[in-house]
Amino acid sequence: MNSNVRDKLTLIAKKKSEEGRYLPGGIDEVELSVFLNLCKAELGCEPPQDYLEFLKIHNGLTVEGVFVYSTKRLPIVGSTATTLAFVEMNVISRDVEELRGFLVFGDSDQDEYVLDLSTGMYQVRDKQAFDNVYEDFKCFDDLLLFMLDMALRRIG
């Protein structure tokens, strides 16, 4: 994971703690192993290494309507809601024909954050008109930076 991602995660964690809210901690090797086995069984593949590195720092992210999926549903501090789980959301997504060739890592009010399995490109796509691609990235960290920047803009 690159230092820009770490710096932005630290800044978000600081801003959230000032509000009395906290980001979830990272997963350990046991949870990682369980998660990878679930991904293989349910999705037929493993998520990219950059995403797994993110999960070791924070098991998902829920900040001002920007969601990065976690390994399982977790309670959101200060709310009755739970985080969105990566495998569960991808299984649901595969019910939609145009989403079958993608891994979905998160979403926001208008965007889906995905990996196009046919091209290997990480993308920001329109939730309503999925064929509309707003941004292309070569790695998950760059997609994550996009999501973190959006969260930081919304935090203010």
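Higher on the page you've got the structure.
What you see is a predicted model; the values in this text were computed from it and never measured.

In this section: unusual backbone geometry. Although it is not a glycine, Glu-64 sits at a positive phi angle of roughly 50 degrees. Secondary-structure assignment places Glu-64 in the loop between β1 (61-63) and β2 (66-68).

This model, assessed by the stated rule, comprises 13 aromatic pairs. Centroid distance Phe-105 to Tyr-122: 6.0 Å. Interplanar angle 35 degrees. Geometry classified as tilted. Residue Phe-105 is located in strand β3 (residues 102-107), and its partner Tyr-122 is located in strand β5 (residues 121-126); the two are separated by 17 residues in the primary sequence. On the basis of relative accessible area, Phe-105 is assigned to the buried category, the value being 0%. Three or more aromatic residues joined by ring pairs form one cluster here, namely Phe-35, Tyr-51, Phe-54, Phe-86, Phe-105, Tyr-122 and Phe-140.

Glancing now at the layout of surface pockets. Any space left empty among the atoms is revealed by the rolling of a water-sized probe across them. Its volume calculated, the largest pocket comes out at about 250 Å³. Considering the residues around the largest pocket, the lining is formed by 17 residues, among which Tyr-22, Leu-23, Thr-62, Ile-76 and Val-77 are closest to the centre. Sorting elements by how many residues they give to the lining of the largest pocket places β1 first, with three residues. Residues belonging to the lining of the largest pocket are distributed by class as follows: 10 nonpolar, four polar and three charged.

In this section: the nonpolar core. Tyr-51, Phe-54, Phe-86, Phe-105, Phe-140 and Leu-143 are the most contacted members of the largest nonpolar core, which has 45 residues in total. Counting residues per element, this core draws most heavily on helix α5 (residues 140-155), at 11 residues. Residues within four places of Phe-54 in sequence aside, it is in contact with Met-1, Leu-9, Gly-60, Leu-61, Val-68, Phe-140 and Leu-144.

Following the sequence through the fold, Ser-93 ends up in helix α4 (residues 86-93). By relative accessible area, which is 11% here, Ser-93 ends up buried. Ignoring any residue separated from it by four or fewer positions in sequence, one finds Ser-93 in contact with Leu-99 and Val-104.

On inspection of all chains with the given rule, the structure shows 13 salt bridges. The partner of Glu-46 in a salt bridge is Lys-40, with the nearest N and O atoms 3.0 Å apart. Relative accessible area serves as the criterion here: at 38%, Glu-46 is assigned to the partly exposed category. The partly exposed category is assigned to Lys-40, whose relative accessible area is 43%. A salt bridge links Lys-127 to Asp-107, with the nearest nitrogen and oxygen atoms 3.3 Å apart. Here Asp-107 lies in strand β3 and Lys-127 lies in the loop between β5 and β6 (133-137), a separation of 20 residues in the sequence.

Rules and cut-offs
Residues numbered from 1 in each chain as written. Predicted model: local features only at pLDDT ≥ 70, side-chain atom pairs only at ≥ 80, totals over all residues. Heavy atoms only, no water. Helix = DSSP H or I, 4+ residues; strand = E, 2+ residues; numbered from the N terminus. Phe/Tyr/Trp six-rings, centres within 6.5 Å; stacked < 30°, edge-to-face > 60°. Buried < 20%, exposed > 50% of the residue type's maximum accessible area, 1.4 Å probe, protein only. 1 Å grid on protein atoms, 1.4 Å probe; cavity = no way out; pocket = protein on both sides within 12 Å on 5 of 7 lines; lining within 4 Å. Points joined across faces, edges and corners; volume = space filled by probe spheres on them. Nonpolar A, V, L, I, M, F, W, Y, C, P; charged D, E, K, R; others polar. Core = buried A, V, L, I, M, F, W, Y, C linked by side-chain atoms within 4.5 Å. Contact = heavy atoms within 4.5 Å. Salt bridge = Lys/Arg side-chain N within 4 Å of Asp/Glu carboxyl O.

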